[in-house]
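Here is what each chain is made of, one letter per residue.
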Amino acid sequence: MHLPHIARLFGVWAALTLGLGCAAESTTSLQITAIYEDSWNLDVFEMDAGGRQEQTSAAHALTVLIPENWAGTPLELKLSGLRGGARYAHGATVITPQLRQTVTAQITLTLLSCSDECAVGEAQCRAGGVAACTAINEEGCRAWGPVVPCPETQSCMAGRCEPMRACEETCKEFGYQCVGDPGSCVTVCGDGDVAGLEACDDGDLIDNDGCSQACAIEGTYVCVGSPSVCSRPCTQSSLVVDQDGDVGTFNDLVVGTDGGVHISYYDATEQDLRYAWRSPGGAFAVNVVDSIGDVGQHSAIALDLLNNVHILYHDETQGTLKYAYKKGADAWAVTPIKKSYYSAGRVGLALTDRSIVRFSYYGSYFLGWGGGAPESIADWNTYSVDSSVDMGHHSALAFDAAFNNHISYTDERNLDLRYACRLKSGSTSRLRVDDDGDVGEYNSIALDAADGVHISYYDATSGDLKYAYRAPATESWEISRLDSKGDVGEYTSLAVALDGSVHVAYFDRTNGHLKLAQRTNKEWTLRSVESSGQVRGHISLGLGVDGVVHLSHYEQGGRLKYIALCPSGSE
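Below you will find a few notes about this structure. (Residues numbered from 1 in each chain as written. Predicted model: local features only at pLDDT ≥ 70, side-chain atom pairs only at ≥ 80, totals over all residues. Heavy atoms only, no water.)

## Here's the deal with the overall build of the protein
Looking only at helices and strands, the protein has one helix and 47 strands in total. Counting every position in the protein, which comprises 571 residues, the buried fraction comes to 51%. Taking the intrachain contacts of the protein between residues at least 6 apart in sequence as the baseline, contacts between residues at least 24 apart amount to 43%. In the form shown here, the protein has an accessible surface area of approximately 25,300 Å², with 49% of it arising from carbon and sulfur atoms. (Helix = DSSP H or I, 4+ residues; strand = E, 2+ residues; numbered from the N terminus. Buried < 20%, exposed > 50% of the residue type's maximum accessible area, 1.4 Å probe, protein only. Contact = heavy atoms within 4.5 Å. Areas by Shrake-Rupley, 256 points an atom, 1.4 Å probe, with all protein chains shown as cover.)

## Overview of the packing of aromatic side chains
In total, this model carries 14 aromatic pairs according to the counting rule given. Between the aromatic rings of Tyr442 and Tyr458, the centroid separation amounts to 6.2 Å while the plane-to-plane angle is 65°, which identifies the pairing as edge-to-face. Residue Tyr442 is found in strand β37 (residues 439-447), and its partner Tyr458 is found in strand β38 (residues 453-459); the two are separated by 16 residues along the sequence. A relative accessible area of 15% places Tyr442 in the buried class. (Phe/Tyr/Trp six-rings, centres within 6.5 Å; stacked < 30°, edge-to-face > 60°.)

## Regarding unusual backbone geometry
Along the chain, Ser226 connects to Pro227 via a cis peptide bond; the corresponding omega equals 5°. Relative to the assigned elements, Pro227 resides in the loop between β18 (222-224) and β19 (229-231). A positive phi angle, near 60°, is found at Leu415, a position not held by glycine. Among the structural elements, Leu415 can be located in the loop between β34 (405-411) and β35 (416-422). The exposure class assigned to Leu415 is partly exposed, which follows from its relative accessible area of 36%. Residues other than glycine seldom take positive phi values, yet Ala473 does so here, at roughly 60°.

## Digging into the state of the cysteines
A full pass over the atoms with the stated rule returns four disulfides. With a sulfur-sulfur separation of 2.1 Å, Cys189 is cross-linked through a disulfide to Cys215. Classification of the bridge connecting Cys189 and Cys215 rests on its S-S torsion, roughly 105°, and on that basis the disulfide is right-handed. Taken together, the residues Cys189 in the loop between β17 (184-187) and β18 and Cys215 in the loop between β17 and β18 connect sequence positions 26 residues apart. Judged by its relative accessible area of 23%, Cys189 falls in the partly exposed class. Cys215 gets classed as buried once you look at its relative accessible area, which sits at 3%. A disulfide bridge connects Cys223 with Cys230, and the sulfur atoms are separated by 2.2 Å. As the torsion about the S-S bond is roughly 110°, the Cys223-Cys230 disulfide counts as right-handed. (Disulfide = S-S within 2.5 Å.)

## Quick word on the sheet that holds strand β20 (residues 237-242)
To summarise the sheet geometry, strands pair through backbone hydrogen bonds and adopt either a parallel or an antiparallel arrangement. Reading across the sheet, the four strands line up as β20-β47-β46-β45 and stay open at both edges, with antiparallel pairing between neighbours. Both edges of this open sheet fall to β20 and β45 (540-543), since each of them pairs with a single strand only. The sheet shows a mean angle of 20° between the axes of neighbouring strands, taken without regard to direction. (Pairing = 2+ DSSP bridges. Axes fitted to C-alpha atoms, helices over the stretch in contact; angles between N-to-C directions.)

## A word on the side chain of Ser493
Within the secondary structure, Ser493 is located in strand β41 (residues 488-496). Setting aside residues up to four positions removed in sequence, Ser493 forms contacts with Ser444, Ser456, His503, Val504, Ala505, Ile539, Ser540 and Leu541.

## With respect to the sheet that holds strand β10 (residues 110-111)
Across the sheet, which stays open at both edges, the five strands sit in the order β5-β4-β7-β8-β10 with antiparallel pairing between neighbours. Two strands close off the open sheet at either side, each with one partner strand: β5 (52-57) and β10. Where strand β8 (residues 86-95) and β10 come together, two bridges link them in antiparallel fashion. The partner of His90 across the bridge, within β10, is Thr110.

## A look at a nonpolar patch on the surface
Together, Val222, Val224 and Val229 give the surface a local cluster of nonpolar side chains, amounting to about 260 Å² of exposed area. Within the element layout of this structure, Val229 appears in strand β19. Residue Val229 is classed as exposed on the basis of its relative accessible area, which comes to 56%. (Patch = residues over 30% accessible without salt bridge, like charges linked within 9 Å, V, L, I, M, F, W, Y side chains within 5 Å. Salt bridge = Lys/Arg side-chain N within 4 Å of Asp/Glu carboxyl O.)

## Side note on the pairing of strand β39 (residues 464-470)
Among the seven residues that make up β39, seven are buried, leaving the element largely enclosed by the rest of the structure. Residue alternation in β39 divides its side chains into two sets, Asp464, Lys466, Ala468 and Arg470 and Leu465, Tyr467 and Tyr469, and both sets are buried. By the bridge criterion, seven bridges tie β38 to β39 in an arrangement that is antiparallel. If you follow Asp459 over to β39, its bridge partner there is Asp464. A loop of four residues connects β38 with β39, the two strands running antiparallel in sequence, and Gly463 in this loop sits at a positive phi of about 65°. Inspection of the sheet shows β39 paired to strand β40 (residues 478-483) by five bridges, in the antiparallel sense.

## Thoughts on the nonpolar core
Of all hydrophobic cores here, the largest spans 25 residues; its most connected members are Leu30, Ile32, Tyr36, Leu42, Phe45, Leu77 and Leu109. Those elements that place two or more of their residues in this core are β3 (29-35), β4 (44-49), β6 (61-65), β7 (75-83), β8 and β9 (102-108). (Core = buried A, V, L, I, M, F, W, Y, C linked by side-chain atoms within 4.5 Å.)

## Re the layout of surface pockets
Computed from the structure, the second largest pocket encloses a volume of approximately 480 Å³. Lining of the second largest pocket is provided by 22 residues; of these, Glu46, Gln53, Arg87, Gln124 and Arg126 occupy positions nearest its centre. Taken together, the residues of the lining of the second largest pocket break down into eight nonpolar, eight polar and six charged. (1 Å grid on protein atoms, 1.4 Å probe; cavity = no way out; pocket = protein on both sides within 12 Å on 5 of 7 lines; lining within 4 Å. Points joined across faces, edges and corners; volume = space filled by probe spheres on them. Nonpolar A, V, L, I, M, F, W, Y, C, P; charged D, E, K, R; others polar.)

## Some remarks on the environment of Tyr457
In this fold, Tyr457 is placed in strand β38. When the C-alpha positions of Tyr457 and Tyr409 are compared, they lie 9.8 Å apart, and in sequence the two are 48 residues distant. Polar contacts involving the side chain of Tyr457 include one to the side chain of Asp434, which spans 2.6 Å. (Polar contact = N/O pair within 3.5 Å; in protein donor to acceptor, adjacent residues only side chain to side chain.)

## Quick look at the pairing of strand β31 (residues 367-372)
In terms of residue burial, β31 counts as a mostly covered element, since six of its six residues are buried. Both β31 and strand β32 (residues 381-386) contribute to a ladder of five bridges, which runs antiparallel. Pairing of Leu367 across the sheet is with Asp386, part of β32.

Right under this line is the structure:
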């Protein structure tokens, strides 16, 4: 049996350690199953993706780590099986990588026919030398053979080793290549080396990531290094998003892959669902999403990979859950989901790689789960996750890379915090997290890169902020009391950054402050972010890929506020 392999496109290959239970890899990767006959005695695989090649020993299972900026774009993978240095079999597939997720694919290899790669007498330039067409099996099938390097004073041109052109002697710096005959030196945009008149080169030819396909810096980005690392300069800010009436309760914030900020919230004056958004560094724009009846409480917002907006919320008039979807510049599409007969419980919302909506909710005194594709809401189903009485009044939902569902929720009857893991197969496991007092309200859940589970929540008995952590593939929880100064811990909102740092925003009711607990290098620090005494809860936190912490909260006087906090050392 062949062991699985892992490749970082394009770098070093190494062994892969698989996760257990609900655990899964959370890098941007492709899991490839290669189907071929062991009797072919393949010894090397050569993979071609995005115009780049990498080799590894042949195996039936491969996991390929790829650049995050390849996510969301169809990618053709070509796999050649080599034996004795010559190509013997090949196959291909097209797959769309997804950001920080593992996508599976299958490539079936077939033996090369005699006309697949080359004809007798042909030669071509490959890797600084000449490869000739050669027979690879008993039937006389042919493919490109091993590369024969050219002498030091020669280079390959049109399948032959020829004396070097004059420019090849002067084009040896990284980032340049010799073009034409007699030849001239030109820079190569997309090779990761900043050279000549290039303002940046991040190693790809993709626009809207800071460095354009013409190797020019885009917009307000700052690009440094070679290959270039591009980011937007951070400016700390605190501003009023909306103050038109009593607005801002039940707010939920999310940050897009482009750095844009999106907030859903309730307008208590008009009883409407509202939505505010801003591009990086821009001003907030506000519109009304739904104004039919009393709608918009307990909203949850999420973005798909194309930054289309999905909002789940309550319709208090009809006693239903409702779903609003905005694709690009299209108008909002608003649809009732389920007559759930809920009390005013919170909902959780998340999206899979194919923009499939998944949500948790409080039903007829039980914890429910459901979802489906935005284009076929009529086919959405809902299921009971925990049918014991009074389960799920407060719930939060997160996904791992395998799209298993992780839900934190309250047990209202026993005043406990609980957790459920619902696998893609439909099986569900449930655990009691904390039963020490009246605990679990205002819970928020997130997973780290190793699929460790993090939950922040409120201890109503002591008026404290608490935090629970479960390591991957275990059932025990580590419980911490993060803040106990005054009545603190309501409206918690938790996020885990790619570097493993944990961020928890919460309400200090005693002082009317918005506070932030952050853990880096296993040490927690606490600080008041908004200490005016005007904060009235309803807090949401989101992290940008650049490390900026984005916060929204409800303020006395009926205002929705927004705060941006720069990463340490970037202000």
